[in-house]
Amino acid sequence: MTTQNSNSGYADVLLGLQYGDEGKARVVDFIAPEYDIIARFNGGANAGHTIETKEGGKVALNQVPSAIFHEDKLMYIGSGCALNPVKLKIEIEKIKNLGLNLEGRLHISCQASVVQPHHMYIDAAMGGAIGSTKNGIGPCYADKANRMHRDKLLNVRTGDLNDDAEHFYRIVETNLEDAAQAFDLQIPNPNEVMAEFMEGFEYIKKYIQPDTLFLQRKVEDGAKVLFEGAQAVMLDVTKGGVPYVTSSNTIAASAYSGGDLSLNFHRKTIGVAKAIMSRVGHGPFATEFGREESEKYCMTSEGDGPKYGKAVEEKYDLDELIKSENEFEMGKALRILSGEYGTVSTRPRRIGAFDIVQLNYAVKMNDVKELIINKCDLLKEYSRTAREKIPLAVSYNLDDEEIDYVPGSVSAYYRVKPVLEYLESFSEDISGIRNYEELPQPMKNFKEEVEKLTSCKVVGVGVGPEREQFINISL
Ligand code: IMP
């Protein structure tokens, strides 16, 4: 049995295949013209989706889908998201200041859980071991799973607040008071916090979509949907490097539950990866340059201000640093050259070589048929390293055994050593190239090797951050 008829639309899912920050938003922005609706299905303000355009400058989005510049497109925030009304108000105001209108375009599921003020405080106090973004996402999803404590409601949804704001504001307030006691939280002015929360909700409530079948009906009537994944496969709460993950399901299968659409409409999954990998937060990262030393270094930059952030690192002599035989130092140089620092925190991101084992795990699990590799312009920097080659992890060594899968245990994943293959590098600047044929042969070889090792077609490569710096091979 199928719900599709000949006039039905379909949905594609776009995912980050690594540890986040793969440049998903720029791909969404690029392919948005092919769709009618761009929809989010997981996460919330923990996502940082940046689009760079010549006209619009650089815009960082957190909760609003990355289709703001395409004014004929609808945008949908699904029930699987954790919605922060205070931050969404700020984001919508920022978008309006760009001269863009969201009214009639943005629809928020009435079944999305709301990030309440106590979630933010709990995350700030408890999320440090994981390196959370302190957006209250984990505590929000935890309350969603807990539902109630005795007769006290924990999970408040957008539809609840819309239906009976006064009643649910009281619940949010009680949750704040109770959490302050239970977790010994210092909340200097709870009344102000609640006032800000209510103001945020009043501002965004006109975007709440009361029809729980909104997206379903649109697709049955022919709409084409692009689901925009937040975070990435390796940060999935079940399939990622648990416990160093986000608290939502990030994989393609979850797009349909969190995005409020029957899975009968799935057409294909598109995956986005980055040629030089990065990750933020703690957790295993098999190909990280400098491994433990790098993880510790990057994580210590948190706190009152980055000790090793961009400003400090930019003072290094890059020619010397990148030639270093010490991978940790070489990794530092690659971070500087690739600008891999948190957008807001400026904390240094951990940097590593392209990992085929990890990529294959993500490709197979999500049946990815089309792959986009961003930041390929940066591969040229490997020509300045001591080895002068592009490293590629083709298998793992775990306790003296060669394996070709991602271990399920976090301690085993930390013990894994990557088995590297080295490809010929190139030194040309490819950031101005727009035609695949014009790319240097070693870049083409890299692409073909990835296709061979993943059985997945590379349909596009990013050669710079701007919208135009993209080579569409066969998207
Ligand atoms: P949370 O999602 O804020 O709970 O953070 C959990 C982990 O996921 C931390 O290591 C975060 O740095 C990471 N994380 C969350 N969102 C993103 C993202 O959009 N990009 C990259 N990492 C993320």
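Computed from a predicted structure; not experimentally measured.

Between helix 2 (residues 85-97) and helix 7 (residues 190-204), whose axes approach to 7 Å, the crossing angle comes to 50°. Taken together, the axes of helix 2 and helix 7 are oblique relative to one another. Between helix 2 and helix 7 the crossing geometry is left-handed. Residues Pro 85, Val 86, Leu 88, Lys 89, Ile 92, Glu 93 and Lys 96 of helix 2 lie in contact with helix 7, whose contacting residues are Glu 196, Phe 197, Glu 199, Gly 200, Phe 201, Tyr 203 and Ile 204. Residue composition of the contact of helix 2 with helix 7, grouped by class: 8 nonpolar, 1 polar and 5 charged.

This next bit is on the layout of surface pockets. The calculated volume of the second largest pocket comes to roughly 290 Å³. His 118, Ile 122, Asp 143, His 149 and Phe 183 are the residues nearest the centre of the second largest pocket, which is lined by 16 residues in total. Counting only elements with at least two residues in the lining of the second largest pocket, the list comes to helix 3 (117-126), helix 4 (137-146) and helix 6 (165-182). When residues in the lining of the second largest pocket are grouped by element, the largest group, 5 residues, is from helix 4. Split by residue class, the lining of the second largest pocket holds 7 nonpolar, 6 polar and 3 charged.

Take the pairing of strand 2 (residues 37-40) next. Side chains Ile 37 and Ala 39 of strand 2 all project onto a buried face; the interleaved residues Ile 38 and Arg 40 project onto the opposite face, where all are buried too. In this sheet, strand 5 (residues 74-77) lies alongside strand 2 in parallel orientation, the contact comprising 4 bridges. Bridge pairing links Ile 38 to Met 75 in strand 5. Here 4 bridges tie strand 2 to strand 12 (residues 224-228), and the two strands are oriented parallel to one another. Bridged to Ile 38 within strand 12 is Leu 226.

This part covers the nonpolar core. Burial of nonpolar side chains together is a common tendency in soluble globular proteins. Phe 227, Leu 379 and Phe 446 are the most contacted members of the largest nonpolar core, which totals 63 residues. Not counting residues up to four positions away in its chain, the partners in contact with Phe 227 are Ala 11, Asp 12, Val 13, Leu 14, Ala 39, Phe 41, Leu 215, Ala 255, Tyr 256, Gly 259 and Leu 261. Ala 25, Leu 102, Val 272 and Phe 470 belong to the second largest nonpolar core, which has 54 residues in total.

In this structure the tally under the stated criterion is 11 aromatic pairs. Taking 5.3 Å as the distance between ring centres and 80° as the angle between the ring planes, the aromatic pair formed by Tyr 297 and Phe 328 counts as edge-to-face. A residue pair is termed long-range when its members are at least 10 positions apart, and Tyr 297 in helix 10 (residues 291-300) and Phe 328 in helix 13 (residues 327-338) qualify at 31 residues. The burial state of Tyr 297 is the same as that of Phe 328; both residues are buried. Here the aromatic cluster, defined as three or more aromatic residues joined through ring pairs, consists of Phe 41, Phe 227 and Tyr 256. In this arrangement the basic side chain of Lys 89 is found over the ring face of Tyr 203, its NZ or CZ atom lying 5.5 Å from the centre.

The pairing of strands in a sheet happens through backbone hydrogen bonds and is either parallel or antiparallel. Strand order in the open sheet formed by 10 strands is 11-7-5-2-12-1-13-17-21-22, and the pairing between neighbours is mixed. The open sheet terminates on both sides in strands that have one partner only, identified here as strand 11 (208-209) and strand 22 (470-472). Contacts from helix 1 (residues 24-31) reach strand 1 (10-16), strand 2, strand 12, strand 13 (266-274), strand 17 (368-374), strand 21 (457-462) and strand 22, with the element oriented near 150° to strand 1.

This model, assessed by the stated rule, comprises 28 salt bridges. Residue Lys 375 is joined to Glu 340 by a salt bridge in which the shortest nitrogen-to-oxygen separation is 2.9 Å. In this pair, Lys 375 is assigned in the loop between strand 17 and strand 18 (389-398) and Glu 340 in the loop between helix 13 and strand 15 (350-352), connecting sequence segments 35 residues apart. The partner of Lys 452 in a salt bridge is Glu 449, with the nearest N and O atoms 3.5 Å apart. Here the residue Lys 452 and the residue Glu 449 both occupy positions in helix 16 (residues 441-454), the gap between them amounting to 3 residues, near one helical turn.

Below, the discussion takes up the site of the ligand. Close to the ligand lie 17 residues; Asn 46, Gly 131, Thr 133, Gln 231 and Thr 246 are nearest. Gly 131 has a polar backbone atom sitting 3.4 Å from an oxygen atom of the ligand. Between the ligand and the protein, one listed contact pairs an oxygen atom with a backbone N or O atom of Val 280 at 3.4 Å. Protein chains bury 96% of the 470 Å² of accessible surface belonging to the ligand in isolation. Here the residues of the shell around the ligand are counted per class, giving 6 nonpolar, 9 polar and 2 charged.

Now for the domain arrangement of the protein chain. Much of the literature gives interface size as the accessible area that the parts lose upon coming together. According to the domain assignment, the protein chain consists of domain 1 (8-274), domain 2 (288-352) and domain 3 (353-472). Inter-centroid distance (C-alpha atoms) of domain 2 to domain 3 is 20 Å. In this assembly, 15 residues from domain 2 lie in contact with 15 residues from domain 3. Of the roughly 1200 Å² buried between domain 2 and domain 3 on both sides combined, carbon and sulfur atoms contribute 50%. The largest share of the area that domain 2 buries against domain 3 comes from Arg 291, Ile 322 and Leu 337, three residues that together contribute 37% of it. Linking domain 2 to domain 3 there are 2 salt bridges. Note that Asp 319 is salt-bridged to Arg 384, the shortest N-O span being 2.8 Å. In this structure, the connection of domain 2 to domain 3 is made through 6 residue pairs in polar contact (both at pLDDT 80 or more). Mapped by element, the contributors of at least two residues to the side of domain 2 that touches domain 3 are helix 10, helix 12 (318-323) and helix 13.

Calculation notes
Residues numbered from 1 in each chain as written. Predicted model: local features only at pLDDT ≥ 70, side-chain atom pairs only at ≥ 80, totals over all residues. Heavy atoms only, no water. Axes fitted to C-alpha atoms, helices over the stretch in contact; angles between N-to-C directions. Helix = DSSP H or I, 4+ residues; strand = E, 2+ residues; numbered from the N terminus. Parallel < 35°, antiparallel > 145°, perpendicular 65-115°, else oblique. Left-handed = near helix turned anticlockwise from the far one by under 90°. Contact = heavy atoms within 4.5 Å. Nonpolar A, V, L, I, M, F, W, Y, C, P; charged D, E, K, R; others polar. 1 Å grid on protein atoms, 1.4 Å probe; cavity = no way out; pocket = protein on both sides within 12 Å on 5 of 7 lines; lining within 4 Å. Points joined across faces, edges and corners; volume = space filled by probe spheres on them. Buried < 20%, exposed > 50% of the residue type's maximum accessible area, 1.4 Å probe, protein only. Pairing = 2+ DSSP bridges. Core = buried A, V, L, I, M, F, W, Y, C linked by side-chain atoms within 4.5 Å. Phe/Tyr/Trp six-rings, centres within 6.5 Å; stacked < 30°, edge-to-face > 60°. Lys NZ or Arg CZ within 6 Å of the ring centre and 35° of its normal. Salt bridge = Lys/Arg side-chain N within 4 Å of Asp/Glu carboxyl O. Near = heavy atom within 4 Å. Polar contact = N/O pair within 3.5 Å; in protein donor to acceptor, adjacent residues only side chain to side chain. Areas by Shrake-Rupley, 256 points an atom, 1.4 Å probe, with all protein chains shown as cover. Domains from an automatic or database assignment. Buried area = accessible area lost by both parts, 1.4 Å probe.

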